[in-house]
Amino acid sequence: MHKDIIVVGAGISGIAAGYNLKKSCQNKSFAILEARENIGGTWDLFKYPGIRSDSDMYTLGFNFKPWKEQEAIADAPSILKYLNETVEEFNLKNKIRFGKYVKKANWSSSTNSWTVDVEDKSTGELSQISC
């Protein structure tokens, strides 16, 4: 498989990258590879009581989708809700490949390209994506 751009992870940064690629690089193909079965990174992974942002969400949130909740320091469920809304609103889910663990990436100077080794977490199957 070939993609022009690979984004690793569907957390806050990966979602922001997906939005910006979709908006500004419409002629480029891309995929967001997420090892887990959910978006959100930290905000979905950690479940301990009281987990919350240590930065205000007006700063941590997206400039293209401002945080509108009253609580500036948000808890994980609120942040995860915001991230899911963002993915839905900007139609990014079809760009996310869930259960795809990036094992390694190799740069080739002779071809000016990357080869990304990816493991499918549900089957263990290995594949390569060039970009």
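These remarks concern the structure in this document. (Residues numbered from 1 in each chain as written. Predicted model: local features only at pLDDT ≥ 70, side-chain atom pairs only at ≥ 80, totals over all residues. Heavy atoms only, no water.)

1. Quick look at the overall build of the protein
Quick reminder of the rule: Each helix is a run of H or I in the DSSP string that is no shorter than four residues. Each strand is a run of E no shorter than two, and both are numbered from the N terminus. Note on exposure labels: buried denotes an accessible area under 20% of the residue type's maximum, exposed denotes more than 50%, and partly exposed covers the range between, all computed with a 1.4 Å probe on protein chains only. Whether two residues touch is decided by their heavy atoms; if any such pair falls within 4.5 Å, the residues are in contact.
Scanning the protein from N- to C-terminus turns up four helices and six strands. In the protein, the order of α-helices and β-strands from amino to carboxyl end is β-α-β-α-α-α-β-β-β-β. Taken along its principal axes, the extent of the C-alpha atoms in the protein is 50 × 35 × 25 Å. Here the protein holds 131 residues, and 37% of them are scored as buried. When contacts within the protein are restricted to residue pairs at least 6 apart in sequence, those whose partners lie at least 24 apart make up 51%.

2. Some points on the sheet that holds strand 5 (residues 113–120)
Stated precisely, the cut-off is as follows: One bridge is not enough; two strands pair if DSSP finds at least two bridges between them. Angles shown run from 0 to 180 degrees and are taken between the N-to-C directions of axes, each axis being a line fitted to C-alpha atoms and, for helices, limited to the stretch in contact.
Pairing within the open sheet is antiparallel, and its three strands lie in the order 4-5-6. Looking at the sheet topology across the chains shown, the edges are occupied by strand 4 (100–108) and strand 6 (126–130). Neighbour-to-neighbour, the strand axes of this sheet turn through a mean angle of 25 degrees, independent of strand direction. Across five bridges, the pairing between strand 5 and strand 6 is antiparallel. Within the sheet, the bridge partner assigned to Asp117 lies in strand 6 and is Gln128.

3. Remarks on the sheet that holds strand 1 (residues 5–8)
Neighbouring strands of a sheet are bound in pairs by backbone hydrogen bonds; such pairs are parallel or else antiparallel. Across the sheet, three strands lie side by side as 1-2-3; this open sheet has parallel pairing. The sheet is open, and its two borders are formed by strand 1 and strand 3 (96–98), each paired with just one other strand. Neighbour-to-neighbour, the strand axes of this sheet turn through a mean angle of 25 degrees, independent of strand direction. Strand contacts of helix 1 (residues 12–24): strand 1 and strand 2 (30–34), with the helix running at about 170 degrees to strand 2, the strand carrying the most contacts.

4. Quick notes on the environment of Cys25
Relative to the helices and strands, Cys25 is located in the loop between helix 1 and strand 2. Separated by 58 residues in sequence, Cys25 and Leu83 place their C-alpha atoms 21 Å apart.

5. Some points on the packing of aromatic side chains
Formally: The aromatic pairing rule takes the rings of Phe, Tyr and Trp, using the six-membered ring of Trp, and pairs them if the centres are within 6.5 Å, calling planes under 30 degrees apart stacked, those over 60 edge-to-face and the rest tilted. Consider the ring centre and the ring normal. A charge sits over the ring if Lys NZ or Arg CZ is within 6 Å of that centre and within 35 degrees of that normal.
On inspection of all chains with the given rule, the structure shows eight aromatic pairs. Taken together, a centroid distance of 5.4 Å and an interplanar angle of 20 degrees make the contact between Phe62 and Tyr82 stacked. Residue Phe62 is found in the loop between helix 3 (57–60) and helix 4 (76–89), and its partner Tyr82 is found in helix 4; the two are separated by 20 residues along the sequence. For the pair formed by Phe62 and Tyr82, the shared burial category is buried. Site record: aromatic cluster; members linked through ring pairs are Tyr19, Phe62, Phe64, Trp67, Tyr82 and Phe90. Here the guanidinium or amino end of Lys121 rests over the ring plane of Tyr101, the centre of that ring lying 5.1 Å away.

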